Amino acid sequence: MLGEFPLDRAMRRTRNLVLATLIHRDLAGHADLAEVVATMSNFADFVIRTHLAALMQESVQAWGMPVGEDSGVPQELMVLGMGKLGGDELNVSSDIDLIFVYAEDGETHVTTPEQRQLSNHEFFVRLGKKLIQSISAITEDGFTFRVDMALRPNGASGPLVASLAMVEEYLIAQGREWERYAWVKMRAVTGRAEDVSALEAIVRPFVYRRYLDYGAIDAMRSMHAQIRAEVVRQETRHPDRSNNVKLGRGGIREIEFLAQVFQLIRGGRDAELRDRSTRKTLGILAQKRLLEEDVVKGLLAAYTFLRNLEHRLQYLDDAQTHNLPANTDDQFLVAQMMGYDSTDALLHALEEHRHMVATQFDAIFSEPRVIGGSSSANSDGSNNDAGSADAHRPAPPLLNGSDTVPMVEAQLSALAFDQTADMAQRLHATWNTPRLLALPETSRNQLLALLNAALPIVARTEGTPSKTLARLLDFFEAIARRAAYLALLTEYPQALLRLIRMMAASDWAAKYLTRHPLLLDELLDDRNLQATPDWSAFASECRRELESVAGDTERQMDVLREMHHAQQFRMLAQDLAGGLTVERLADHLSALADVIVGATLYAVWQSIPNRHVELPQFAVIAYGKLGGKELGYASDLDVIFLYDDEHPDAPMLYAKLAQRFITWMTAHTPAGILFDIDIALRPDGASGLLVSPFSAFEKYQKGSAWVWEHQALTRARFCAGDAEIGARFESLRETVLRQPREEDLLRNEILSMRKKMHDAHPNRSELFDLKHDAGGMIDIEFIVQYLVLRHAARFPKLVADIGNIALLKLSGALGLIDPNLAEDVANAYRAFRRLQHQIRMKGEDRARVPHAQVSDQARRVTELFKRVLG
């Protein structure tokens, strides 16, 4: 009983009161869409929970308490809200889509002779039927909600309720693509928290793939086509049912699909995209720049308009309708409820919103045009590569999958490829490898279409077409079994174009993409590729992403790698496009490494049990290329670890922190590796402690360190961890570098170390080694280190970590070396680094060039080396 009425009757009367109040507030302008849908959703939750509690008590009295066979724990019914109820966006006259689930099979525990023992499954079937009857039965007071159970496993032919085991088996063995879309909205209205968590663990991998699932686009395109075909069929048979604001062109369903396709593609890798609300998801897409902010504003405005219109259509007769009424008087009434003076004004506004939605929908879901140069649209509907006349001309089918080698050679010759005989043989052999022959027919057809689209692009791209094609074939072989990657390149032809351009520009870039094909996603939008990095925002994003998978070490390690690779790839794209100098690139790569080191350090510390402080009193000090902010794409990290903590467990805990940090950085996971770590520069080298108390490090640097260790200190800096320790390190570094030194002893030590390095890297080629040969980069670095150690006592500016080029110029300005010679050597260092970078981007291990190419620069370097060091 609820008050003086039976529960069922009370609920119906309450529903009528809620609805009347809500309609009044809505039409009077006192309630917005958010209030309307939240009120209806909350009321539906209340109805379900109240009825279920009463019916559960009644059922237990009749049949006993259902108990888990394995756990012995009393069982409860999980009522899952799906659709708009799951998303807390229920209409005023919506059905409520429900699924009934229970945790374990077993039997009811009876305590009296009058109780009849049932299996748990039979108990919950009976309970579920009673719940549906209580909520949906029509009486003189109306009904509370219509109930739709069609989304349960196997639909109307399946059992009314399912155990967790049944749900898991069904989703794994029979779950269809459209059901992924439906289960995105799943929200447990009732049930024990542990049972709900177990269900979510089953559903999540079914809905959200761990990879970027671009196959979802085609699946949702097919689903939408079926829905539209049914709407058109109904409108043809019943012209009075035209203008369906939910399922029609540019309607509510298309907005929902736009939001959910991003969820299905990316939700497995980004937990923030798993929100059940369409409106909130659209907002998140704007925040993550997956859709432009103006586009999202337009979609949200259209969604609000269409949902408000849908409500007013349902206010007419409390009917679940989505069509504009055929009666002109009713049309005018709806227009007035929407705030318009005429039906024409309403229809005009409706058409504007629907056109906007349809345009955006087509930008994502229109059939892809794999073309020989560019594509129709980006993920945001823009077109960055469609400037040429070829952009809209489909490539002719060059290959059909059964071509002989001479046929392939003829096609390549027609495209003006070089080395056509060799490349025809390679292409034919690749297509017929066991790996590709074993592919499903769909994947082979996709791959063949991509090859046909790629060949004309490769032929026109700058560089050597045969080399580019060979790199592309290596890439296709690597991704052939991953349907998601084939789907991405098929759905977004501009990504294929950018992929080919990068592979033509750099062998290193081609191999990097082949190792990390997940980065294909970065090729979808030039805005992200060309954006200037915001390292503070990136650091916050790293922390947020790591916290979202806290406790899952393997996933955290992959998150770090994926985020690092994506940022590095953006730098690579800008680099290949000529948008970054070598110095600016190194600054960005060093800043990226700093963020990753800091994020890793924090995450690792959180994983250490029995830690005695929330934040470790521990710092990572960078040396070498990271310390000097000259990091390259494949550089390792030279670091040492310092701590300042008197707690008795500190040495053990910080040693464990350092060990795990190195493991997290260097371990090979499915996502690759972060960095190789070199800790040889720690006090006493390989025989020294992994982590050093700051006091011991200070004592060592002031009294025991070798000159070469002070040379290394010229390029050292605080990288991550405790900022106070970092400040103390910087102070100590300045003190050590500024201590007076005996000139001849310093010169002899540095010359001795330079000879050791030269002897360790003999060059037996006829080329000039940019790094190791006399007159090369190492000579320049030794000149700078000598100048710092020799003169910093008198000139404190020399201890600044400003890089070799700036320190050379500063030394010239201070009169320590000839200013003109300083300028020439600084320019030589810049030129050597640029040449080294270009050579490595071609995939070469050693940076060597003809002597004549750099003879003038090497001569000036040698001249300065002799003047400074003799």
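Criteria and thresholds
- Residues numbered from 1 in each chain as written.
- Predicted model: local features only at pLDDT ≥ 70, side-chain atom pairs only at ≥ 80, totals over all residues.
- Heavy atoms only, no water.
- Axes fitted to C-alpha atoms, helices over the stretch in contact; angles between N-to-C directions.
- Helix = DSSP H or I, 4+ residues; strand = E, 2+ residues; numbered from the N terminus.
- Parallel < 35°, antiparallel > 145°, perpendicular 65-115°, else oblique.
- Left-handed = near helix turned anticlockwise from the far one by under 90°.
- Contact = heavy atoms within 4.5 Å.
- Nonpolar A, V, L, I, M, F, W, Y, C, P; charged D, E, K, R; others polar.
- Buried < 20%, exposed > 50% of the residue type's maximum accessible area, 1.4 Å probe, protein only.
- Pairing = 2+ DSSP bridges.
- Salt bridge = Lys/Arg side-chain N within 4 Å of Asp/Glu carboxyl O.
- Expected span 1.5 Å × (residues − 1).
- Arc of directions from axis to C-beta.
- Polar contact = N/O pair within 3.5 Å; in protein donor to acceptor, adjacent residues only side chain to side chain.

Peer 1: Just give me the short version of the packing of helix H17 (residues 441-460) against helix H20 (residues 493-505), but keep the residues and values in it.
Peer 2: Orientation of H17 relative to H20, taken along the N-to-C sense of each, is 50°, at an axis distance of 10 Å. Considered as vectors, H17 and H20 are oriented oblique to each other. At the point where H17 passes H20, the crossing takes the right-handed sense. In this structure, H17 uses Leu-450, Ala-453, Ala-454, Ile-457 and Val-458 to contact H20, whose residues at the interface are Leu-496, Leu-497 and Ile-500. Partitioned by chemical class, the residues of the contact of H17 with H20 number eight nonpolar, no polar and no charged.

Peer 1: Now, about the pairing of strand S3 (residues 96-102): what can you tell me, with residues and values included?
Peer 2: Counted residue by residue, S3 has seven buried out of seven residues, so it is predominantly covered. Where burial is concerned, the two faces of S3 agree: the one with Ile-96, Leu-98, Phe-100 and Tyr-102 and the one with Asp-97, Ile-99 and Val-101 are both buried. Examined bridge by bridge, strand S2 (residues 78-82) and S3 share five bridges and lie antiparallel to one another. Bridging across to S3, Met-82 finds its partner in Asp-97. Examined bridge by bridge, S3 and strand S5 (residues 147-148) share two bridges and lie parallel to one another. Bridging from a neighbouring strand, Ile-96 pairs with Val-147 of S5. With three bridges joining them, S3 and strand S6 (residues 161-163) adopt parallel strand pairing. Bridge pairing in S6 places Phe-100 opposite Val-161.

Peer 1: Outline the environment of Phe-361, supporting the account with residue identities and numerical values.
Peer 2: Along the chain, the position of Phe-361 falls in helix H13 (residues 343-365). Residue classification places Phe-361 among the buried residues on the basis of a relative accessible area of 4%.

Peer 1: How would you summarise the pattern of salt bridges if you had to cite specific residues and measurements?
Peer 2: Two side chains bearing opposite charge may form a pair once their charged atoms approach each other closely. For the structure on display, the rule yields 51 salt bridges. Members of the salt-bridge network, linked through shared partners, are Asp-270, Glu-272, Lys-288 and Arg-544.

Peer 1: Residues and numbers for helix H4 (residues 120-136), please.
Peer 2: Relative to the 24 Å expected for 17 residues at 1.5 Å per residue, H4 spans 24 Å between its end C-alpha atoms, a close match to the ideal helical length. Listed in full, the buried residues belonging to H4 are Asn-120, Phe-123, Phe-124, Val-125, Leu-127, Gly-128, Leu-131, Ile-132, Ser-134 and Ile-135.

Peer 1: Which residues make up helix H14 (residues 405-414), and what are the values?
Peer 2: Taken residue by residue, H14 has Val-405, Val-408 and Leu-412 as its buried positions. In an axial view of H14, the angular spread of the buried residues amounts to 65°, which keeps them on one side of the axis. Seen from the buried face of H14, the exposed residues on the opposite side, beyond 90 degrees, are Pro-406 and Ala-414. Of the surrounding elements, those touching the buried residues of H14 are helix H15 (420-431) and H17.

Peer 1: Just give me the short version of the side chain of Arg-471, but keep the residues and values in it.
Peer 2: With respect to the helices and strands, the residue Arg-471 is situated in helix H18 (residues 465-479). A polar side-chain atom of Arg-471 sits 3.3 Å from a polar atom in the side chain of Asp-507. Excluding anything up to four places from it in sequence, Arg-471 contacts Met-503, Ala-504, Ser-506, Asp-507 and Ala-510.

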